[in-house]
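Okay, here's what each chain looks like letter by letter:
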Protein chains: 2
Amino acid sequence: MSVKVFLDESEIPRQWYNLAADLPTPLQPPLGPDGKPISPEMLAPVFPMNLVEQEVSQERWIDIPEEVLEILYQWRPSPLYRARALEKALDTPAKIYYKNEGVSPAGSHKPNTAVAQAWYNREFGIKKLTTETGAGQWGSALSFAGALLGIEVQVYMVRISFDQKPFRRMMMETWGGKCYPSPSDRTQTGRAILEKFPDTPGSLGIAISEAIEAAVTDPTGETRYSLGSVLNHVMLHQTIIGLEAKKQLAKIGENKVDVVIGCAGGGSNFAGLSFPFVLDKINGADIRIIPVEPASCPTLTRAPFSYDHGDTAKMTPLLPMHSLGHDFVPPPVHAGGLRYHGMAPLVSQAAQEGLLEPMALDQLESYSAAIKWARTEGFISAPETSHAIAAVIREAEQAKEEGKEKTILFNWSGHGLMDLTGYEAFLSGKLTDHKMSEEELIENIKIMDGLPKPNMDKTGKW
Amino acid sequence: MSVKVFLDESEIPRQWYNLAADLPTPLQPPLGPDGKPISPEMLAPVFPMNLVEQEVSQERWIDIPEEVLEILYQWRPSPLYRARALEKALDTPAKIYYKNEGVSPAGSHKPNTAVAQAWYNREFGIKKLTTETGAGQWGSALSFAGALLGIEVQVYMVRISFDQKPFRRMMMETWGGKCYPSPSDRTQTGRAILEKFPDTPGSLGIAISEAIEAAVTDPTGETRYSLGSVLNHVMLHQTIIGLEAKKQLAKIGENKVDVVIGCAGGGSNFAGLSFPFVLDKINGADIRIIPVEPASCPTLTRAPFSYDHGDTAKMTPLLPMHSLGHDFVPPPVHAGGLRYHGMAPLVSQAAQEGLLEPMALDQLESYSAAIKWARTEGFISAPETSHAIAAVIREAEQAKEEGKEKTILFNWSGHGLMDLTGYEAFLSGKLTDHKMSEEELIENIKIMDGLPKPNMDKTGKW
């Protein structure tokens, strides 16, 4: 009784899918500090122009460079699994399929875009990439890609994680990445903050500012900045996940998926699996597409669709997205990758168009689902991924109640081997939930009061 | 340019290969404290009889139970890779293939036998398994298998590892395993040692004694002990690795392997890959088969072939094996899985018969190889596995010098994501080598002076 479906390397999708080409309402442009759309050229000091072109592209299909594919072959096409043991444990009539993105060397979906970004930068003559990282998932993925493509990688890691979670830093260093605690004395931003707050634990906002500053001030002009989620080109690179899944499902005669599920922080793993199915939905398919976020950081389910900054320090342009406000600091839930105040513009707008059914779930329910998963399917899930599993279990249990067959597909976005302390806290009863109160929500989103609102009248244009 | 070869689940080998059927000289039996061969029945309180039968079997092929296969499908057949990026970096004419055993939920080859052992125990009516673990690799593999098969698992973990390396313990607990620091107050052995040495860091020898005691003294009679290496049935269960590799190589037309390499501690991952090729060699194939051990624990390369105990406390029968003496405590190299004073009897005897070409390598050379590997092939290797990689690089460089094409196959036995502190120590220049001196060797092997010597006259019999 088969549990895995492989694709041969020769069957790998050779183009990425760009949802921007098919959204009913055109995607709104990012805005500069003056409230005016920023031109692609204004991004040139930050990103190489070939990636900026992808960022603004309206092409539906974009070729994946052959050399990128040759590195992706190291773990791609990733296997599609059927979760037969979980189905049996739940005694559900639902069929549960998942993409296993934990097979990549860095253990998650992140290398899909890290490799592509490093390659485009190298093509553009860039020698060094800077980035920020919270718990270290993205910093390690980019360090991996940099090692294989001969690009130097410099990571600004939030100081408290740098001190408390040394293993991701060690991964980065094993791949040759340089990892600095942020704030650092390497940037003006960092030095200014250290002078005022020598004992600050740091934040993602500060780390982003330092990474961008380090890129744009490098006198050689051969350094750029790289971001692991949120942006359009990152979503694009991840669509290989969903495109592979479609081929794999077709191979076993599963031509109708009823529910597609992924956890959503910045949005990239969710987008990667779901966007090819969003296209089906736009074309009339009867399919439910569910991004799952933590109740402690309920961007899609409770936050307004607004223009907002991607970072606390307001270094980034204003992006049209669901946002809890750029000052919001999510509570310290273990799913660090879901602790982001905003949501990718493409995901935000798809939700706004009614193409998605966002769901917010609690940390405890997610860990409980992850334990059930580990003891049936065997794999230990990343805490982010566990949110998707919890939603899958809800759907499967509902199918049982309704006595309805149903085909569920979700993205098992990464393993949790670097995140075991969360499991320990859960098993010893030390974890709590952090549902955002109405007052908190109102307080946080105030910060966007004066900011422009995206235009949804179908005439807006980059 | 393809880098991976998959087998479909339907192509998985359906029988294990038992080298005991083909060794030129029959394998010698274990001996009791009186120096006389022990009967299979004497092992009944420790192992279920169906596994004891496998332990003494002379059958060449043994069927893999269907239910065991169905759990193995969760990650098997494991992919066969061609290490093209490493080949290119080394500029070698050699072709390098490897089995990726890191794809299992526990991250190594260990679950291959953990699942089989848990299944046979369950078939025999056993409800609980006890075992020992050093750094935790085996304890976590057995906990994983227990979770999926509904067997309770109790692990005695060497105290110093229990205190210093909590992540493997958390893995065990995630799968529902119970993990106790050893010595514990749960056994007579443990209590006696704690009374004398309340601050002892523990040892594998003590942990084995506790696990066996806990199994044989359980009044329900429904508990048995499980061992993750050394024994014949463990080697047997691992042969699925080499049997898969043969099918995968045949699939791409690679019908001649020149060199087979695996690291060797207790011997199971090496045996798993190599034994099907040892059979070829017995049948006349021109093939070099290399077990790689650490220079700090040079069992096959420098220790005598003798009868010796498997543990320090002399709880186990005497086994015919290469041994550095049951009192030997290997230096604290990071490759914890290679720190064993003995070597599996089947591997020992194959070496004795001249079928193997053992090699001992230093820790620094191994880490240097692992770094090169991570920065070309992308995956971060377990420190044990790194010894095999170092040997592969030597072979590939020699092929370059000689301008000779050569096909190398090795076992990438596991990932190193739980072992990153070794990488950090290496990268910061804090690691040293620990070559065993001649004096140390002589001192350690004295302990076996009065013990019987195995009979190699081809008449010995279980």
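Residues numbered from 1 in each chain as written. Chains lettered and ligands numbered in written order. Predicted model: local features only at pLDDT ≥ 70, side-chain atom pairs only at ≥ 80, totals over all residues. Heavy atoms only, no water.

Visitor: What should I look at first to understand the overall build of chain A in this one?
Guide: For chain A, the count of helices and strands is 18 helices and 15 strands. Whereas a compact globule of 462 residues would reach a radius of gyration of roughly 23 Å, chain A reaches 21 Å, a difference of no more than 12%. For the C-alpha atoms alone, the extent of chain A along its principal axes is close to 60 × 50 × 45 Å. Taking all 462 residues of chain A together, 65% fall into the buried category. Contacts in chain A between residues at least 24 apart in sequence constitute 78% of all its contacts with a sequence separation of at least 6. Accessible area of chain A: about 15,900 Å², with a carbon and sulfur share of 52%. Across chain A, the mean location of the 44 positive side-chain charges is 3 Å away from that of the 57 negative side-chain charges. (Helix = DSSP H or I, 4+ residues; strand = E, 2+ residues; numbered from the N terminus. Rg over C-alpha atoms; globule rule 2.2 N^0.38 Å. Buried < 20%, exposed > 50% of the residue type's maximum accessible area, 1.4 Å probe, protein only. Contact = heavy atoms within 4.5 Å. Areas by Shrake-Rupley, 256 points an atom, 1.4 Å probe, with all protein chains shown as cover. Lys, Arg positive; Asp, Glu negative; His and termini not counted. Charge placed at Lys NZ, Arg CZ, Asp CG, Glu CD.)

Visitor: In this structure, what is going on with the domain arrangement of chain A? I would like to understand it.
Guide: The parts lose accessible area when they come together, and the size of an interface is often stated as this lost area. Residue and element names in this part refer to chain A. Parsing chain A into structural domains produces domain 1 (4–9 + 64–107 + 237–448) and domain 2 (21–60 + 110–225). Computed over C-alpha atoms only, the centres of domain 1 and domain 2 are separated by 23 Å. Joining domain 1 to domain 2, the criterion identifies 1 salt bridge. Arg-122 is the salt-bridge partner of Glu-67, the closest N and O atoms lying 3.0 Å from each other. For the side of domain 1 that touches domain 2, the secondary-structure elements that each account for two or more residues are α2 (66–72), α10 (232–238), α11 (240–251), α12 (268–282), β13 (318–322) and α14 (345–352). (Domains from an automatic or database assignment. Salt bridge = Lys/Arg side-chain N within 4 Å of Asp/Glu carboxyl O.)

Visitor: Where do I start with the pattern of salt bridges in this structure?
Guide: Should the charged atoms of two oppositely charged side chains come close, the side chains can pair. Evaluation of the coordinates by the stated rule reveals 46 salt bridges over all chains. Notably, a salt bridge pairs Lys-4 of chain A with Glu-9 of chain B, separated by 3.2 Å at the nearest N-O pair. Of this pair, Lys-4 of chain A sits in strand β1 (residues 4–5) while Glu-9 of chain B is found in the loop between β1 (4–5) and β2 (15–17), placing the two residues in two different chains. Neither residue differs from the other here; Lys-4 of chain A and Glu-9 of chain B are each classed as buried. With a shortest N-O distance of 2.6 Å, Lys-95 of chain A and Glu-254 of chain A are connected by a salt bridge. With Lys-95 of chain A in strand β5 (residues 94–100) and Glu-254 of chain A in the loop between α11 and β10 (259–263), this residue pair connects regions lying 159 residues apart in the sequence. Since its relative accessible area comes to 22%, Lys-95 of chain A is described here as partly exposed.

Visitor: Looking at this model, I keep getting lost on the nonpolar core. Mind explaining?
Guide: In a soluble, globular protein the nonpolar side chains are often hidden away together inside. By size, the foremost hydrophobic cluster in this structure holds 85 residues, and its most contacted members are Trp-16, Val-115, Phe-275, Val-347, Leu-356 and Leu-409 of chain A. Contact partners of Phe-275 of chain A, with chain neighbours within four places excluded, come to Tyr-17, Leu-19, Met-235, Thr-239, Leu-346 and Val-347 of chain A. The next biggest cluster of nonpolar side chains, apart from the first, holds 84 residues, and it includes Trp-16, Val-68, Met-235 and Ala-271 of chain B. (Core = buried A, V, L, I, M, F, W, Y, C linked by side-chain atoms within 4.5 Å.)

Visitor: Looking at this structure, I do not really get the interface of chain A and chain B. What am I missing?
Guide: Chain A puts 44 residues into the contact, and the matching count from chain B is 44 residues. Summing both sides of the interface, chain A and chain B together bury roughly 3,800 Å²; the carbon and sulfur share of this comes to 59%. Per-residue buried area on chain A facing chain B is highest for Gln-74, Thr-174 and Arg-375 of chain A; these three make up 17% of the total on that side. Notably, a salt bridge pairs Arg-169 of chain B with Glu-424 of chain A, separated by 2.7 Å at the nearest N-O pair. Counting every contact that joins chain A to chain B gives 26 residue pairs in polar contact (both at pLDDT 80 or more). Counting residues per element, the ones that place at least two in the side of chain A that touches chain B are α5 (137–149), α7 (166–174), α15 (363–374) and α17 (420–427) of chain A. Broken down by element, the side of chain A that touches chain B gets its largest block of residues, 6 residues, from α7 of chain A. (Buried area = accessible area lost by both parts, 1.4 Å probe. Polar contact = N/O pair within 3.5 Å; in protein donor to acceptor, adjacent residues only side chain to side chain.)

Visitor: What is the right way to read unusual backbone geometry from this model?
Guide: All names here are of chain A. Omega for the peptide link from Ser-182 to Pro-183 comes to 5 degrees, which places this bond in the cis form. Inspection of the secondary structure puts Pro-183 in the loop between β8 (178–182) and α8 (188–196). With phi around 50 degrees, Asp-91 is a residue other than glycine that occupies positive phi space. Mapped onto the elements of the fold, Asp-91 is located in the loop between α3 (84–90) and β5. Its identity is not glycine, yet Val-230 carries a phi of approximately 70 degrees, on the positive side. Residue placement: Val-230 occurs in the loop between β9 (223–225) and α10. The exposure class assigned to Val-230 is buried, which follows from its relative accessible area of 5%.

Visitor: Honestly, the side chain of Thr-130 of chain A in this entry has me stumped. Any pointers?
Guide: Within the secondary structure layout, Thr-130 of chain A lies in strand β6 (residues 128–133). Among the polar contacts listed, one links the side chain of Thr-130 of chain A to the backbone oxygen of Ala-211 of chain A, at a separation of 2.7 Å.

Visitor: So what exactly am I meant to see when it comes to the sheet that holds strand β6 (residues 128–133) of chain B here?
Guide: Strands belonging to one sheet form pairs held by backbone hydrogen bonds; the direction of such a pair is parallel or antiparallel. Residue and element names in this part refer to chain B. Read across the sheet, 4 strands follow the order β8-β7-β6-β9 without closing on themselves; strand pairing throughout is parallel. Looking along the sheet, the strands with just one partner apiece sit at the ends: β8 (178–182) and β9 (223–225). Averaged over neighbouring strand pairs, the angle between their axes works out to 25 degrees when direction is ignored. The pairing of β6 with β9 spans 3 bridges and is classified as parallel. Looking at β9, one finds that Thr-130 is bridged to Tyr-225. Strands β6, β7 (152–158) and β8 of the sheet are contacted by helix α7 (residues 166–174), whose axis makes an angle of about 170 degrees with β7. (Pairing = 2+ DSSP bridges. Axes fitted to C-alpha atoms, helices over the stretch in contact; angles between N-to-C directions.)

Visitor: What is the right way to read the pairing of β8 of chain A from this model?
Guide: All names here are of chain A. β8 sits mainly inside the fold: 4 of its 5 residues count as buried. With 5 bridges joining them, strand β7 (residues 152–158) and β8 adopt parallel strand pairing. Paired with Tyr-156 across the bridge in β8 is Tyr-180.

Visitor: Would you explain the sheet that holds β1 of chain A in this entry?
Guide: All names here are of chain A. One open sheet holds the 7 strands; their spatial order is β1-β4-β5-β15-β10-β11-β14, and the pairing between them is mixed. The strands lining the two open edges of the sheet, one partner per strand, are β1 and β14 (359–361). Inspection of the sheet shows β10 paired to strand β11 (residues 288–294) by 5 bridges, in the parallel sense. Its bridge partner lying in β11, Val-260 is registered against Ile-289. Contacts from α12 reach β5, β10, β11 and β15 (406–412) within the one sheet, and its direction differs from that of β10 by about 155 degrees. The strands that α15 touches are β5, β14 and β15; relative to β14, the one it contacts most, it runs at about 85 degrees.

Visitor: I would appreciate a short explanation of the packing of helix α1 (residues 49–56) of chain B against helix α4 (residues 111–123) of chain B in the present structure.
Guide: Between two packed helices, the angle of one axis relative to the other and the distance separating the axes together describe the packing. Residues and elements named next belong to chain B. With their axes 8 Å apart at the nearest point, α1 and α4 run at an angle of 130 degrees to one another. In terms of orientation, α1 and α4 fall into the oblique class. Contacts between α1 and α4 involve Asn-50, Leu-51 and Gln-54 on the former and, on the latter, Gln-117, Tyr-120, Asn-121 and Glu-123. Class assignment of the residues belonging to the contact of α1 with α4 gives a composition of 2 nonpolar, 4 polar and 1 charged. (Parallel < 35°, antiparallel > 145°, perpendicular 65-115°, else oblique. Nonpolar A, V, L, I, M, F, W, Y, C, P; charged D, E, K, R; others polar.)

Visitor: Honestly, the pairing of β10 of chain A in this entry has me stumped. Any pointers?
Guide: Both faces of the sheet carry side chains from a regular strand, because those side chains alternate between them. Residues and elements named next belong to chain A. The buried fraction of β10 amounts to 5 of the 5 residues, a majority that puts the element mostly inside the structure. Alternating positions in β10 separate into two faces, Val-259, Ile-261 and Cys-263 on one and Val-260 and Gly-262 on the other, with burial throughout. In terms of handedness, the path from β10 via α12 over to β11 forms a crossover that is right-handed. In this sheet, β15 lies alongside β10 in parallel orientation, the contact comprising 3 bridges. Pairing of Ile-261 across the sheet is with Phe-410, part of β15. (Right-handed = clockwise from strand over helix to strand, strands pointing away.)

Visitor: Help me understand the packing of α5 of chain A against α7 of chain A in this model?
Guide: Residue and element names in this part refer to chain A. Where α5 contacts α7, the two axes come as close as 8 Å, and the packing angle between them is 10 degrees. Between α5 and α7, the interaxial angle falls into the category roughly parallel. Along its contact with α5, which presents Gln-137, Gly-139, Ser-140 and Ser-143, the element α7 presents Arg-168, Met-171 and Met-172. Looking at the contact of α5 with α7 residue by residue, the classes come out as 2 nonpolar, 4 polar and 1 charged.

Visitor: It is not clear to me how the relation of the copies chain A and chain B should be interpreted in this structure. Could you clarify?
Guide: Each copy of the chain is related to the other by a rotation around an axis and a translation along that axis. For the pair chain A and chain B, the superposition axis carries a translation of 0.0 Å, the fit reaches an RMSD of 0.0 Å, and the rotation angle comes to 180 degrees. Here the two chains are linked by the operation of a two-fold rotation axis. Taking the C-alpha atom as reference, chain A places Val-103 of chain A closest to the rotation axis, 3.4 Å from it. Taken as a fraction of all interface residues of chain A, those also at the interface in chain B reach 100%, which identifies the copy contact as same-surface. (Least-squares fit on C-alpha atoms with pLDDT ≥ 70 in both.)

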